[in-house]
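Below, each chain spelled out in residue letters.
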Amino acid sequence: MVSDNRTLVIEFIILGFPNVREVELLLFVTFLLMYALTFTENVAIILVIGMDYRLHTPRYFFIINLSFLDIGYTTVTVPKMLANIAIQSQTISITGCFTQLYIFFFLGSTECFLLTSMAYDRYLAICNPLHYTTIMDRRACLWLALGCWLCGFLAPALPTAFIFRLPFCGSNIINHFFCDSPPLLELSCQDVFEIEVINFVVGTTVLMSSFILTMISHIFIVATILHIPTVEVRSKAFSTCASHLTIVTIFYGTAMFMYIRTKTIRTFDFNKTVSVFYAVVTPVLNPIIYSLRNNDIKQGMRKVLLKQ
């Protein structure tokens, strides 16, 4: 396939983390353990919540959605990365690359909106407890979750469609551990300024809107907690709130650094390190922060295990 005397790319090579073999083996074991832990934690949470009727509440309904997202989020990228390290399976077709790109950002955008819905749920439970059950009923939960998944599905459609139409010629090496938009744009033999602007607008809209709403909810939550007279209860509430804010900071901070910018930063080795935090680390921490430290989940696990 030739255009303007330049060979068009028909497949990509994902560079991953090229290094000496000893370091590659360490990375393989580390990422394999993190993926296995993410998968096990989230499957356990889904099963426990599904089997314990006491946990069939709005809070745990959203946590189940988050668990499905974290499983999908890591499955899209980590197995291919492990194959890259273990058997040097670095090639990926153009269709496979753009499928991975779209699904990754679909699930990532959905998680942004879901974190906002979870913050809103906690805001109602803490700041407006008398009306919580009437506002956050089963129907409201379903509509909120459906809205998160639908908005997440639509958000990356336009940027991905524009990137998919780009011609790629010359180098086909993606300097990343998955098909991400910044390194893909670097490989195009066409001016990508307009697409970078589209990526910036969509990324800013998704990340900033959900982040601002999440932070507003937490501001009201903190303000309410400060008025709790009991020191022990107030301390426990602050601890939970701080844990949630830690996850929000890691996820949004690294994602904003990567995608809210009008010009691609060329230090891709640093970008890969940053991407690990929201693509691999955050899904490992989410179950621990949101569920496994929770007494209701612990009791549910004991109940399920005792039945075996």
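Here is what the cut-offs are and how they apply
- Residues numbered from 1 in each chain as written.
- Predicted model: local features only at pLDDT ≥ 70, side-chain atom pairs only at ≥ 80, totals over all residues.
- Heavy atoms only, no water.
- Patch = residues over 30% accessible without salt bridge, like charges linked within 9 Å, V, L, I, M, F, W, Y side chains within 5 Å.
- Areas by Shrake-Rupley, 256 points an atom, 1.4 Å probe, with all protein chains shown as cover.
- Salt bridge = Lys/Arg side-chain N within 4 Å of Asp/Glu carboxyl O.
- Helix = DSSP H or I, 4+ residues; strand = E, 2+ residues; numbered from the N terminus.
- Buried < 20%, exposed > 50% of the residue type's maximum accessible area, 1.4 Å probe, protein only.
- Axes fitted to C-alpha atoms, helices over the stretch in contact; angles between N-to-C directions.
- Parallel < 35°, antiparallel > 145°, perpendicular 65-115°, else oblique.
- Left-handed = near helix turned anticlockwise from the far one by under 90°.
- Contact = heavy atoms within 4.5 Å.
- UniProt positions renumbered as here; feature names shortened; annotations may be inferred.
- Pairing = 2+ DSSP bridges.
- Disulfide = S-S within 2.5 Å.
- pLDDT = per-residue confidence, 0-100.
- Expected span 1.5 Å × (residues − 1).
- Arc of directions from axis to C-beta.
- Phe/Tyr/Trp six-rings, centres within 6.5 Å; stacked < 30°, edge-to-face > 60°.
- Lys NZ or Arg CZ within 6 Å of the ring centre and 35° of its normal.

1. Examining a nonpolar patch on the surface
Together, Ile212, Leu213, Ile216 and Phe220 line one region of the surface with nonpolar side chains, adding up to about 360 Å² of accessible area. Within the element layout of this structure, isoleucine 216 appears in helix 8 (residues 193–225). For isoleucine 216, a relative accessible area of 39% gives the class partly exposed.

2. Observations concerning the packing of helix 2 (residues 58–87) against helix 5 (residues 138–154)
Look at helix 2 against helix 5: their axes get within 10 Å of each other, and the N-to-C directions meet at 20°. Put simply, helix 2 runs roughly parallel to helix 5. Helix 5 is crossed by helix 2, and the crossing has right-handed handedness. Where helix 2 approaches helix 5, its residues Pro58, Phe61, Phe62, Asn65 and Leu69 are matched on the opposing element by Cys141, Leu142, Leu144, Ala145 and Trp149.

3. Quick notes on the UniProt feature "transmembrane region" (unreviewed entry) in the protein chain
Under the UniProt annotation, the feature "transmembrane region" (unreviewed entry) is placed at residues 25–48, 60–81, 101–120, 141–164, 200–226, 238–260 and 275–292. Overall, residues 60–81 shows 100% helix and 0% strand. The separation of its end C-alpha atoms is 31 Å. Between the end C-alpha atoms of residues 101–120 the distance is 29 Å, and the span holds 100% helix and 0% strand.

4. Some remarks on the sheet that holds strand 4 (residues 91–93)
Strand order across the open sheet formed by three strands is 4-3-5, with mixed pairing between neighbours. Of all the strands in the sheet, the pair left with one neighbour each is strand 4 and strand 5 (173–174). Two elements, strand 3 (residues 11–14) and strand 5, share two bridges in a ladder whose sense is parallel. Bridge pairing in strand 5 links isoleucine 13 to isoleucine 173. Set on the sheet, helix 3 (residues 94–127) makes contact with strand 3, strand 4 and strand 5; between it and strand 4 the angle comes to about 85°.

5. Looking at the state of the cysteines
Considering all chains together, one arrives at two disulfides under this definition. Between cysteine 169 and cysteine 189 runs a disulfide, and the two sulfur atoms are separated by 2.1 Å. Separated by 20 residues along the polypeptide, cysteine 169 in the loop between helix 6 (157–164) and strand 5 and cysteine 189 in the loop between helix 7 (181–187) and helix 8 bring together distant segments of the chain. Cysteine 189 gets classed as partly exposed once you look at its relative accessible area, which sits at 27%.

6. Describing the environment of phenylalanine 98
Here phenylalanine 98 lies in helix 3. Residue class for phenylalanine 98 comes out buried when judged on its relative accessible area of 5%. Considering only alpha carbons, one finds phenylalanine 98 and phenylalanine 164, 66 residues apart in sequence, at a separation of 6.9 Å. Here phenylalanine 98 is in contact with Phe12, Thr160, Ile163, Phe164, Phe168 and Leu184, once residues within four sequence places are set aside.

7. A closer look at the confidence of the model for the protein chain
When pLDDT is averaged along the protein chain, the result is 86, and 92% of the positions lie at 70 or above. Looking over the protein chain, one finds the lowest element-wise mean pLDDT in strand 1 (residues 2–3), namely 44, and the highest in helix 5, namely 96.

8. Considerations on helix 5
Because the α-helix completes a turn every 3.6 residues, residues three or four places apart line up on one side. Taking 1.5 Å of rise per residue, the 17 residues of helix 5 would be expected to cover 24 Å, and the 24 Å separating its terminal C-alpha atoms lies within 8% of that figure. Turning to helix 5, its buried residues are Cys141, Ala145, Cys148 and Gly152. Axial view of helix 5: buried residues confined to an arc of 55°, hence all on one face. Across from the buried face of helix 5, at angles greater than 90 degrees, the exposed residues are Arg139, Trp143 and Leu154. At its buried positions, helix 5 is contacted by helix 2 and helix 3.

9. Structural notes on the packing of aromatic side chains
Counted under the stated rule, the structure contains 22 aromatic pairs. Seen from their ring centres, phenylalanine 104 and tyrosine 278 are 6.2 Å apart, and the 50° between their planes marks the pair as tilted. Of the two residues, phenylalanine 104 is situated in helix 3 and tyrosine 278 in helix 10 (residues 268–292); the sequence distance between them amounts to 174 residues. By relative accessible area, phenylalanine 104 is classed as buried at 2%. Judged by its relative accessible area of 1%, tyrosine 278 is buried. Here the aromatic cluster, defined as three or more aromatic residues joined through ring pairs, consists of Phe17, Phe31, Tyr73, Phe104, Phe105, Phe177, Phe178, Tyr259 and Tyr278. A cation over an aromatic ring shows up here: lysine 272 above the ring of phenylalanine 17, its NZ or CZ 5.6 Å from the ring centre.

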